[in-house]
Amino acid sequence: MSDSHLRQPIRGAKGATDPGPRNALLDNQNPDILTPPETDNGSLPNLKFSFGMAHNRLEDGGWAREVTVRELPVAKSMAGINMRLDSGVVRELHWHKEAEWAYILQGNVRLTVVDEDRNVAV
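Residues numbered from 1 in each chain as written. Predicted model: local features only at pLDDT ≥ 70, side-chain atom pairs only at ≥ 80, totals over all residues. Heavy atoms only, no water.

1. Describing the overall build of the protein
Then, in step 1: Looking only at helices and strands, one finds two helices and seven strands in the protein.
Then, in step 2: Walking the protein from its N terminus toward its C terminus, one meets helices and strands in the order β-β-α-α-β-β-β-β-β.
Then, in step 3: By principal-axis analysis of the C-alpha atoms, the protein measures approximately 65 × 30 × 20 Å.
Then, in step 4: By residue count, 12% of the 122 residues in the protein fall in the buried class. (Helix = DSSP H or I, 4+ residues; strand = E, 2+ residues; numbered from the N terminus. Buried < 20%, exposed > 50% of the residue type's maximum accessible area, 1.4 Å probe, protein only.)

What follows is the structure, given as structure tokens:
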């Protein structure tokens, strides 16, 4: 994208050009952050963080990228994991005080659930 076609932080007579350095793709994906509407008073926290920006933990048989309150301060009671496991890999047993949910986008999964009374469901 040429400099003459970059979105600029200008609304009417307010703002000024940004000479950069710039991330034009990110600016175009978030126009209301670069040039907020008149009604925006800036009190809404950031509500997104890309898994593509998260640290990728490489393990035997797969990888995991985690987004927590560390990366997304507004997420005080939830975290997100983007993960890939090879066939036959077992994820470690772990516990959360909050509920956990998942989307399986490809393949099959065997899931074991243990409740707070140590009842097991497969």
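2. Some remarks on the pairing of strand 4 (residues 62-67)
Then, in step 1: Relative to strand 4, strand 3 (residues 56-59) is paired through four bridges, and the arrangement is antiparallel. Paired with N56 across the two strands is R65, which belongs to strand 4.
Then, in step 2: Counting the residues in the hairpin turn of strand 3 and strand 4 gives two residues, including G61, whose phi is positive at 90°.
Then, in step 3: Bridge analysis of strand 4 against strand 5 (residues 80-85) gives six bridges, and the strand direction is antiparallel. Bridge assignment links R65 to a residue of strand 5, and that residue is N82. (Pairing = 2+ DSSP bridges.)

3. A look at the environment of V109
Then, in step 1: Tracing the backbone through its elements, the reader meets V109 in the loop between strand 5 and strand 6 (113-114).
Then, in step 2: Here V109 falls in the exposed class, since its relative accessible area comes to 57%.
Then, in step 3: C-alpha of V109 to C-alpha of P9: the two residues are 100 residues apart in sequence and 47 Å apart in space.

4. A closer look at a nonpolar patch on the surface
Then, in step 1: On the surface, L93, W95, V114, V120 and V122 cluster together into a nonpolar patch covering about 590 Å² of accessible area.
Then, in step 2: Here V114 is to be found in strand 6.
Then, in step 3: V114 gets classed as partly exposed once you look at its relative accessible area, which sits at 32%. (Patch = residues over 30% accessible without salt bridge, like charges linked within 9 Å, V, L, I, M, F, W, Y side chains within 5 Å. Areas by Shrake-Rupley, 256 points an atom, 1.4 Å probe, with all protein chains shown as cover. Salt bridge = Lys/Arg side-chain N within 4 Å of Asp/Glu carboxyl O.)

5. A few points about the sheet that holds strand 3
Then, in step 1: Strand order in the open sheet made by the three strands is 3-4-5, with antiparallel pairing throughout. Edge positions in the open sheet fall to strand 3 and strand 5, since each of these has one partner strand only. Neighbouring strand axes in the sheet, compared pairwise and without regard to direction, differ in orientation by 15° on average. (Axes fitted to C-alpha atoms, helices over the stretch in contact; angles between N-to-C directions.)

6. Let's talk about the pattern of salt bridges
Then, in step 1: Applying the stated criterion to the full structure yields five salt bridges.
Then, in step 2: A salt bridge links R22 to D18; the shortest N-O distance between them is 3.6 Å.
Then, in step 3: Note on R22: relative accessible area 22%, which makes it partly exposed.
Then, in step 4: In this structure, a network of salt bridges that share partners links the residues D18, R22 and D27.

7. Quick look at the environment of G20
Then, in step 1: The topology assignment puts G20 in the loop between strand 2 (14-15) and helix 1 (24-29).
Then, in step 2: Residues G20 and P37 lie 17 residues apart in sequence; the distance between their C-alpha atoms is 22 Å.

8. Structural notes on the side chain of N30
Then, in step 1: Of note, N30 is situated in the loop between helix 1 and helix 2 (31-34).
Then, in step 2: N30 sits in the buried class, given a relative accessible area of 12%.
Then, in step 3: Within the structure, the side chain of N30 is placed 2.9 Å from the backbone oxygen of L26, a separation counted as a polar contact.
Then, in step 4: At 2.4 Å, the side chain of N30 forms a polar contact with the side chain of K48. (Polar contact = N/O pair within 3.5 Å; in protein donor to acceptor, adjacent residues only side chain to side chain.)

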